[in-house]
Amino acid sequence: MVVDFAEMEKKWQRRWSEEGLERSDIDPNKESFFLIFAYPGVTGYLHVGHMRGYTISDAICRYKRMRGFNVMFPVGTHATGNGAIAFARRVERRDPDTLETLRENGCDSETIAKLADPISVVNYFNEVYLNNYWKRFGFLSDWRRFTCTIYPDYEKFIEWQMIKLNKAGLLMQKPYFAAACPEHGPVAIDASETDLQRGGSAELVEYVALKFKMEDKFLLAATLRPETIFGLTNFWVNPKADYVVAEVGDEKWILSMAGAQKLVEQREDAVIVAHIVPSDLIGTVCIAPYTGKEIPILPSELVDPGVGTGLVMSVPSDAPYDWIGLVDLREHPEKLEGLNVTLESLAKIDPIPIIKTPGWGPLPALEICEKMGIKELSDPKLEEATKEIYKSGFHRGLMTEVAGEYAGMPVEQAKDMIKSLLTESGEAIDFYDLSEEVVCRCGNRVMIKRIPDQWFIDYADRELTDKSKSHAEEMSIFPREYYDNIQGILEWFRERACVRQGNWLGTKFPLDRKWIVEAIADSTLYPVYYLISMYANERLISPENMTEDFFDFVLRDEGGAEEVAEKCGIDSALLLRIRDEVSYWYPLSINLGGKEHMTVHFPVFLMNHVGLLPKKYWPRGIIVNWYITGGGGKISKSKGGAQPIPGAAAKFGVDPLRLFYAHVASLYVDVAWDDDKVEHYKNRMLRLFSIMDELLSAEEKPRSRIDDWLLSRLNERIRRINEAMDVYDIRSLANEVYFELPADLRWYTRRGGAFRGTIESFLETWIRMLTPITPHVAEELWHGLGRKSTVSAERFPEPREDWSNPSAEAEEEYLRGLIEDISQILKVTKITPDKLVITVATDWKMELFYMACQMARSGNRDVGVLIKSAMGMELPGADKKAVLKFAKSLMADLAKMTDDLLDRISSKFDEVGVLSSSADFIASYFGASEVVIQKADDEKRYDPTGKADAAKPRRPSIFAE
RNA sequence: GCAGGGGUAGCCAAGUCUGGCCAACGGCGCAAGGCUUAGGACCUUGUCCUUAGUGGUACCACGGUUCGAAUCCGUGCCCCUGCACCA
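Residues numbered from 1 in each chain as written. Chains lettered and ligands numbered in written order. Predicted model: local features only at pLDDT ≥ 70, side-chain atom pairs only at ≥ 80, totals over all residues. Heavy atoms only, no water.

Undergrad: Honestly, the environment of N722 in this entry has me stumped. Any pointers?
TA: Structurally, N722 is set in helix 25 (residues 705-725). In this structure, the C-alpha to C-alpha distance between N722 and L398, residues 324 residues apart in sequence, is 59 Å. Not counting residues within four places of it along the chain, the set of residues in contact with N722 comprises Y63, R67, F796, P797, E798 and P799. Polar contacts involving the side chain of N722 include one to the main-chain carbonyl oxygen of P797, which spans 3.1 Å. (Helix = DSSP H or I, 4+ residues; strand = E, 2+ residues; numbered from the N terminus. Contact = heavy atoms within 4.5 Å. Polar contact = N/O pair within 3.5 Å; in protein donor to acceptor, adjacent residues only side chain to side chain.)

Undergrad: Just checking my understanding: could you explain the nonpolar core for this structure?
TA: Taken as a class, soluble globular proteins show a tendency for nonpolar side chains to be buried jointly. Of all hydrophobic cores here, the largest spans 161 residues; its most connected members are L102, W134, W766, I767 and I922. Not counting chain neighbours up to four residues away, the residues in contact with I767 comprise M692, A778, L781, W782, L785 and V791. Of all hydrophobic cores here, the second largest spans 76 residues; its members include Y459, A472, F550 and F553. (Core = buried A, V, L, I, M, F, W, Y, C linked by side-chain atoms within 4.5 Å. Buried < 20%, exposed > 50% of the residue type's maximum accessible area, 1.4 Å probe, protein only.)

Undergrad: In this structure, what is going on with the protein's contact with RNA strand B? I would like to understand it.
TA: In the region of RNA strand B, 58 residues are neighbours, and H78, Y176, A188, W504 and R904 sit closest. S666 is positioned with one of its side-chain polar atoms (N or O) 3.0 Å from a phosphate oxygen of RNA strand B. N735 is positioned with one of its side-chain polar atoms (N or O) 3.0 Å from a sugar or linking oxygen of RNA strand B. Contributing elements (two or more residues each) for the surface near RNA strand B: helix 16 (480-492), strand 23 (496-497), strand 24 (499-500), helix 24 (675-697), helix 26 (730-750), helix 29 (806-829), helix 33 (899-906) and strand 32 (957-960). A class-by-class count of the residues in the surface near RNA strand B yields 23 nonpolar, 16 polar and 19 charged. (Near = heavy atom within 4 Å. Nonpolar A, V, L, I, M, F, W, Y, C, P; charged D, E, K, R; others polar.)

Undergrad: Whenever I open this one, the packing of aromatic side chains confuses me. Can you help?
TA: Ring pairs (aromatic) are described by centroid distance and by the angle formed between their planes. If you walk through the whole model with that rule in mind, you get 50 aromatic pairs. Judged by centre distance (5.7 Å) and plane angle (85 degrees), the ring pair of W747 and F921 falls under edge-to-face. Here the residue W747 occupies a position in helix 26, and F921 occupies one in helix 34 (residues 911-926), the gap between them amounting to 174 residues. Neither W747 nor F921 differs from the other in exposure class; each is buried. By the ring-pair criterion, three or more aromatic residues cluster together here, those being F37, Y45, Y54, F73, F87, Y124, F125, Y129, Y133, W134 and F139. Sitting above the plane of the W16 ring, R62 keeps its charged end 4.4 Å from the centroid. For the cation-ring pair, K174 lies above F456, with the distance from its terminal atom to the ring centre recorded as 4.9 Å. (Phe/Tyr/Trp six-rings, centres within 6.5 Å; stacked < 30°, edge-to-face > 60°. Lys NZ or Arg CZ within 6 Å of the ring centre and 35° of its normal.)

Undergrad: Can you walk me through the sheet that holds strand 2 (residues 70-72) in this structure?
TA: Each strand in a sheet pairs with its neighbour through backbone hydrogen bonds, running either in the same direction (parallel) or in the opposite one (antiparallel). Strand order in the open sheet formed by five strands is 2-1-26-27-22, with parallel pairing between adjacent strands. Each edge of the sheet is formed by a strand with only one pairing partner; in this case those strands are strand 2 and strand 22 (476-478). Each adjacent strand pair in this sheet contributes to an overall mean axis angle of 15 degrees, direction not counted. When strand 1 (residues 32-37) meets strand 2, the two strands line up parallel, connected through three bridges. Within the sheet, the bridge partner assigned to F34 lies in strand 2 and is M72. Together, strand 1, strand 2, strand 26 (590-594) and strand 27 (621-625) form the strand contacts of helix 2 (residues 51-66), whose direction differs from that of strand 1 by roughly 175 degrees. (Pairing = 2+ DSSP bridges. Axes fitted to C-alpha atoms, helices over the stretch in contact; angles between N-to-C directions.)

Undergrad: How do you make sense of the confidence of the model for chain A when you look at a structure like this?
TA: Should the pLDDT be low somewhere, the predicted coordinates at that spot are not to be read in detail. In this model, chain A carries an average pLDDT of 89, and 98% of its residues clear a pLDDT of 70 or more. At the low end of the mean pLDDT range in chain A sits helix 33, at 75; at the high end sits strand 2, at 98. In the predicted complex, the global pTM is 0.90; the interface-specific ipTM is 0.93. (pLDDT = per-residue confidence, 0-100.)

Right under this line is the structure:
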């Protein structure tokens, strides 16, 4: 079968657009359904995996539309941040990978030339997403409402949001420590390294820097383990490093040059005033904070001047590096040459037990070095040893008696207490650093900078948190696990920095225009903005009209129409129209987004709604989707999927892709992309056309029992599908519609079904059900059936009483069970049957069976009672022994059955009748020339092996020869 | 570190909340047959062991609750994901 998917897609998309199916306007007679997917960030081309969530969104919306809802499904893009800037920079410096990607995606050189400008990048990709992705995939989205976070009208909306947050008391300012380049200001540290030359995976490290008194100055040692001060034995200085004196207030601090530069970023009052040579330090002593202990200063080349403050306090009991450092000096006295340190003084240094950890002796560092055979400072195992000791000591260790008032306390707890004690007494300061070297694009080293007046949104606010949590309980949140987890996430969510400076696209912060609103903060309330964007896009309102009063009125029902209209300079009728639009469509029914939004976007989306909009506008649902990946994580070339999205659409067809997304797995697991799989879905699509052809061209036969069966099955599946879609289980819909129903159809045909009326009813119903997932194919088939309407605008089937036929289904199930049994027997015996004898149980067994069913249904499954009643019954032809035996096995069977099954099995039907009318079918199925149907009590029965009496109700005995 | 998810037959993947039509949906792969005769198409049957339709063994491992467990509880082993100025 040849199907030109591309042409078919174009044809129907044009038709939908002509009919305006995608447009969403108020209709007071219909209930609204409003779904968005979390808009993508504009950072480059998307790949086929990204289309999964979007496609599911469209399928859900199409389903809802067909169920009679008035559906709103707008799309937009998120351009805030540095993604577009980074992209433009790559184009500007003609990065080969970037240029190749652009060309692969069909971007001509003229366009490429324009993409050195970030705004052009945004505009370019907005077009790509809209035309090459979303429209290409047949989405029925209201394109008039498209918006982007850097549009001037959108920015007015964000300004309003920030103003309202402030008025609601949800903004606050406090110091903050963030990565920054000394020249270019704030930079983003992330793996894509858009701002950086290297160091994208660095993390923020919070040290405590302890002050060790030395004459009139302090040595500043950064540590992660302040609780180990009790085990201090010495101090480490790198004999080759560059040290300086920094003046901080009226104190003089000594630290490495690099450390001092970091210090300057973190404290405005710090100034570097002098250099100092390491040999002036080594060999002298300093006084430890808190304990007041005097300790010697020793050399160690392992002290990295670039890490922390470039000075290290030594705790050989628990730090393998420190222990081996001492060992090293003892064994290499030449390292002490020219330094004022004697071997005798070294020999006096003994590790002090400070932490008792289960499984370890008093000096774990010595122990682990021994165990792992570490003897040299150059041994790479030192790192592992350090981690091991730290992990077990921190989680399970207790402070020993040397810790004074902290003795016996868990390390985890002592650490925090000692830290705050030292910082509060001025004996230590917080000191921030990065876990690895981070270098800005400009070549400068990125450091942690103190931002004294950072703005935050106070998501820790008690009232806001509580309201959000209780509202989340009322929402439809999928999957179930996330419904449960979101409670904890909302509780955990703290203040969040909401503005930033630097190289960044986004809205200027209205309270202080030196800031730009950060990328999560401007993407929380936006679903409601789609209800306004259309008016801005159509130039009915302009950004100047979009004042605080305007938004207050349309989003919060505040103020009088006339008065507000005058203030913001637009017509009051228009103002009312926009407000009505909001109140008709809002709240949002579903926000669908990827799993990465679970701890970031979804909570703030919810809390901003709760904090700023009236309760009637709080969102109703969230769906989280997992990804299509390439086996290892990213989409890879080996398994396919690396091609641009339009290429995939051309290769496989849009509908096969849509079916792949919907059926390959539930939304809540990651799935690897696989060309072969998609290819199979394509075949499945093609098959739909031939199925219809075959059905319609078959020679008609009169209506029979199998017609009842098919319609009843169809009806049951409709019921199941609608039930599944109540919880957005799109995979179940796909499974029933694309796999189960065709299987039913095959059985129907095989059983001789070919009644035109049934076939048309079936097709008509089935094609409607194909529409949400594979709309183009559905339209094509719908018209192939001679319908003139667009099926996308038709109603989705609902169960109908007149199709339901439980007895027809029961009969067919009985027959299929029998066929299975016969197959079993033939398989085991390897008989090719010429004659099949099927014997139905005797009447008295039937009678007993029904009675037992009645008993079981009324809750009585006791064998004794059954036997007693059986004995009292008149059962012609039955002997007591047989009755007893049968009653026992009967109750054993019934005991295992569910009520539902009991109900079904209890209804009477005529086994002999069903079998007689199917005898020909059974014969042809097995290629037998004769099928005999008989009753067990038939005197003329054919029973060469004496099996006939084994027949039970619903389980006839079988003999083959 | 903080939080969360998961281990199901050769592979992917339903089922687990609400225990019982579950030897476990569906797909893929494989085998046989059919159709057709080069099309990666389609249809049928089979695909844990055993067996005249029975029985046994199975849903990471071990233990428990129950008349009954893939499903509930406990312990252990293994894998994965997200984490805030990256959207």
